Each structure stands twice: as structure tokens, then as C-alpha cells.
Amino acid sequence: MSCSGIFILDLKGSVIMSRNYRGDIEMSNIEKFMPLLMEKEEEGKPSPVLQKDDLSFVYIKHMNIFLVSMAKKNVNVAMMLSFLYKCVEVFVSYFKDLEEESVRDNFVVIYELLDEMMDFGYPQTTEDKILQEYITQESHFLEVAPRPPMAVTNAVSWRSEGIKYRKNEVFLDVIESVNMLANASGTVLRSEIVGSIRMRVVLSGMPELRLGLNDKVLFQTIGRERSRGKAVELEDVKFHQCVRLSRFESERTISFIPPDGEFELMSYRLNTTIKPLIWVEAVVERYSRSRVEYMVKAKSQFKRQSIANHVEVMIPVPSDVMSPKFKTSVGSVKYVPECNSFVWTIRSFPGGREYLMRAHFDLPSIGSGEVEGKAPISVKFEIPYFTTSGLQVRYLKIIEKTGYQALPWVRYVTQNGDYQLRMQ
């Protein structure tokens, strides 16, 4: 079942604007949405899908507005949620900030966008770069509408024809974020890798790109389980719409005609136990109620040829400490009272190294008497030319019928996600 209408409401449930696509329901039925939402929240059963009589409401909340789709029963919920989030992405690309005031100020343009993005209740063109070619901020003042680009009626709706560059290049970044929680003895309690492959495409024409990774399933398919190099088993893989999924399922090859400019080609996750890349120990010594001292040791546990940049180690301290004094052989340290912590910054941290730092604080003679919980140590870092998962780009081929030469560039980056180490 397709969508009957899209509505934008304020937090009180008043309709800011609406677009009716099918005319099979009364527009006044949107008044049922807010009471139904409040009823579900009071019951402790919030849901992105609400049903009342023969109506289905699928909604998302962004800033101080609700984006709601209304339809008869059996609406495709996954499609509608995806469409609503895509609406937010497109509106933000036009107005930067999407909130009640910007919706009212740009009513005409939003109406035009909703006209192009959905037809008779079914999503159509949702790529902001394509929409911006023929729907501009001033388009509603023109008497003659500009001709839609070929991408609107073409099978490749995310790329326009006739793109030309003097120098053809492709930049590919494999970026992995490490989420980790470890206890004071070094045991990893929770760890995962969240990765993405991002691209910046500067190519003329309509090129086809083929990307090969050291995917474990691929190696098993072609009988190379024992081949040199590590195979990686990817989980929760999500592709950009340009990827030909049928070819990936059959050949494990990522084949696609890319959008122009920057986009995320794919994202993935690996739920695996990871050795802490940067391990931090903090020994705390209290001297009655007069002072407290910290001896902090940071150790890099990745290969020696790699270097972690912009390392920040945040150590929590009691909220009533005073007169901070620091001593370190490398980097710099500063007290951040608003976060009840001090931050040790190391600009460059090579692999296989270990550094020490001491911190001294005075304490008030009269304590507050409250027992403070021990917050964990958090670490920020960025390691270029390195992936924790071992994911590697085996090849990146660029095929274009004119036969021009193009340069592919590949870069690997590992950075911190939610990276925390508990203190003793």
C-alpha cells in the first residue's frame, strides 16, 4: 500500500504544511495523530508506527517538528521511514537547519520538493544533488520551469549525464571506529568495529567502478581460505543504492555507477574482541584529605610502523580538587573543571611506545561527604594507514566507454568511537 499524504506538524500537533498524494482519506484525520501519540507514550509503548481505525501513521521527530506519513493499513513501514529520513536529509541540504521556522519560511520550495520526491504515494527522486539541479530557492518565481535533468527519468537517478572534469580521480577512505569498554585489569568487556567506506568521485561521463575487498565469503567461494592475507567477515553490511546487489551476492564484487562528489558507499560492523590499541593505567594515591596524586601510564599496542595522531586521554577527578600541577615527558596536560577531569594530549604516539605522566591536586580540608562514582577513562585517537579489522581494498577498477585514464587513491584510518577504560 502506498502513502496517502505527508504532513509536517509542530510539537503541539498543529499542521504546518501537508501534501495529499492519493485523496483516499480525509485530511482532517491527521488530528488523530497527536492524541494517539500521547496515549502510547503514557502507556510506555512508544512506536514509530501508530494505528487508529483504518489509518496508519508512520512518523519521525526532527528538532521541533514531526514528519508524518498517513495511509490506509498495510503501508510499507520500512519504505516510509526511509523516505521520511531522506526528506530530512534533502531539506537540510537546502535550508541547513530544518525546524518549524525554516519550514514556514520555505513553504513553497518544500511543497515543490515533496511533489518531485513522491508521486501518487510512491517515492521517486530523493537525491538532493539531482533535485538541486532543477528545484532552486527561486524556482517558484519563474514562469517557465527548467527542464528536468536526464537523471530524473534515467535508471541511474543519482548521477547526471554530461559531467566533465579535466583531471579524473577517485578518492576512497576506509574509516573504522573502535568502540570498547575494558576493566582495570585489562579484560575487554565489550568491543566492536564500526566501519564505512566513503568516496569522493571526480570522474567524467558515466563510469562503472568495481571494488574488491578481502571479504571472507569471497575467499571461501573461490577456494582461497588459505591464501596469503587475512580475510575479514563483515556483518550488518549496508550499501548505497548505486551498488548492484545481485552482482555482489553472486560474485562478491561491489559494482556501481557512482554519484558525483562525496558519498558513503557502504557501512559495516564487526562484533569481535579487540586488543586495546591504546591502553591507559591510572594509579591514584590519596593523602588523607589534603591532596591526591595520579600516576598515569599510556601504552600503544599496535604495530611499530604506525603512529596515532591527536591522542587525548581524559582522566576523571573529584569535583572539589584545586591547584592542579602536572609533569610529563611528552605532550601537554590541562585541567578541565567543567568536565571534572584533566586531559593529557599527545600529538604523535608511535606504536610500541609507553609514556608516563603525573598529576597533583590539592583537596579542601572539609570534604563534601558525598561518595562520587568512578567515571571511566576515555581516549581519543586517530591512526592513519591502519585498519583494526584488517579490511583491505584488493582492487579498484574504473571502466568508462571513452577509455580515459583515471587515478584511484585509497586511504585507511582507524579512530576512536566510544572508547572507555575503567579505573581501579
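Residues numbered from 1 in each chain as written. Predicted model: local features only at pLDDT ≥ 70, side-chain atom pairs only at ≥ 80, totals over all residues. Heavy atoms only, no water.

- Naming follows an unreviewed UniProt entry, where the protein appears as MHD domain-containing protein of Steinernema glaseri.
- Of the comments in the UniProt record for the protein, the one headed Sequence similarities (unreviewed entry) reads "Belongs to the adaptor complexes medium subunit family." (UniProt positions renumbered as here; feature names shortened; annotations may be inferred.)

## Structural notes on helix α4 (residues 107-117)
Then step 1. All of the buried residues along α4 are V109, I110, L113, L114 and M117. What you see down the axis of α4 is that its buried residues fit within an arc of 135°, all on one side. (Buried < 20%, exposed > 50% of the residue type's maximum accessible area, 1.4 Å probe, protein only. Helix = DSSP H or I, 4+ residues; strand = E, 2+ residues; numbered from the N terminus. Arc of directions from axis to C-beta.)

## With respect to the packing of aromatic side chains
Then step 1. In this structure the tally under the stated criterion is 17 aromatic pairs.
Then step 2. Judged by centre distance (6.3 Å) and plane angle (20°), the ring pair of F107 and Y111 falls under stacked. A residue pair is termed a helical-turn pair when its members lie 3 or 4 positions apart in one helix, as F107 and Y111 do in helix α4 at 4 residues.
Then step 3. Taking the relative accessible area as the measure of exposure, F107 reaches 35% and is therefore partly exposed.
Then step 4. Where F349 meets Y355, the ring centres are 4.9 Å apart and the plane angle is 45°; that geometry is what we call tilted.
Then step 5. F349 sits in the buried class, given a relative accessible area of 0%.
Then step 6. A relative accessible area of 14% places Y355 in the buried class. (Phe/Tyr/Trp six-rings, centres within 6.5 Å; stacked < 30°, edge-to-face > 60°.)

## Some points on the sheet that holds strand β14 (residues 278-287)
Then step 1. Strands sit in the order β14-β15-β20-β17 across an open sheet of 4 strands; the sheet is antiparallel. Strand pairing shows two members of the sheet lacking a second neighbour, β14 and β17 (322-328), which therefore form its edges. Averaged over neighbouring strand pairs, the angle between their axes works out to 15° when direction is ignored.
Then step 2. Sheet topology places β14 next to strand β15 (residues 291-300); 10 bridges connect them, and they run antiparallel. Within β15, the residue paired with R286 across the bridge is V292. (Pairing = 2+ DSSP bridges. Axes fitted to C-alpha atoms, helices over the stretch in contact; angles between N-to-C directions.)

## Details of a negative patch on the surface
Then step 1. A surface patch of negative charge is lined by E39, E41, E42 and E43.
Then step 2. With respect to the helices and strands, the residue E39 is situated in helix α1 (residues 33-42). (Patch = residues over 30% accessible without salt bridge, like charges linked within 9 Å, V, L, I, M, F, W, Y side chains within 5 Å. Areas by Shrake-Rupley, 256 points an atom, 1.4 Å probe, with all protein chains shown as cover. Salt bridge = Lys/Arg side-chain N within 4 Å of Asp/Glu carboxyl O. Lys, Arg positive; Asp, Glu negative; His and termini not counted. Charge placed at Lys NZ, Arg CZ, Asp CG, Glu CD.)

## Describing unusual backbone geometry
Then step 1. Notably, D53 is not glycine yet its phi reads approximately 55°, a positive angle.
Then step 2. Although it is not a glycine, H310 adopts a positive phi angle of roughly 55°.
Then step 3. You can see H310 is positioned in strand β16 (residues 307-316).

## Quick word on α1
Then step 1. Considered for burial, the residues of α1 that qualify are F33, M34, L36 and L37. Along the axis of α1, the buried residues cluster in a sector spanning 160°; they form a single face.
Then step 2. If you follow the buried residues of α1, they end up packed against β1 (5-10), β3 (49-52), β4 (55-62) and β5 (65-72).
Then step 3. One or two residues past the end of α1 sits G44, with phi positive at roughly 75°. (Contact = heavy atoms within 4.5 Å.)

## Describing the state of the cysteines
Then step 1. A complete count under the given rule lists 0 disulfides for this structure.
Then step 2. For the unlinked cysteine C87, the closest cysteine sulfur is that of C3, found at 9.3 Å. (Disulfide = S-S within 2.5 Å.)

## Quick notes on the side chain of H240
Then step 1. Position of H240 among the secondary structure elements: in the loop between β11 (235-239) and α8 (245-251).
Then step 2. Residue classification places H240 among the buried positions, given a relative accessible area of 16%.
Then step 3. Not counting chain neighbours up to four residues away, the residues in contact with H240 comprise E127, P259, F263, E264 and L265.

## Comments concerning a nonpolar patch on the surface
Then step 1. A cluster of nonpolar residues, F107, V108 and Y111, forms a patch on the protein surface that exposes about 230 Å² of accessible area.
Then step 2. Summarising the element assignment, V108 is placed in helix α4.
Then step 3. Relative accessible area serves as the criterion here: at 37%, V108 is assigned to the partly exposed category.

## Focus: the environment of R252
Then step 1. Tracing the backbone through its elements, the reader meets R252 in the loop between α8 and β12 (254-256).
Then step 2. Distance from R252 to N214, taken between C-alpha atoms, is 10.0 Å for residues 38 residues apart in sequence.

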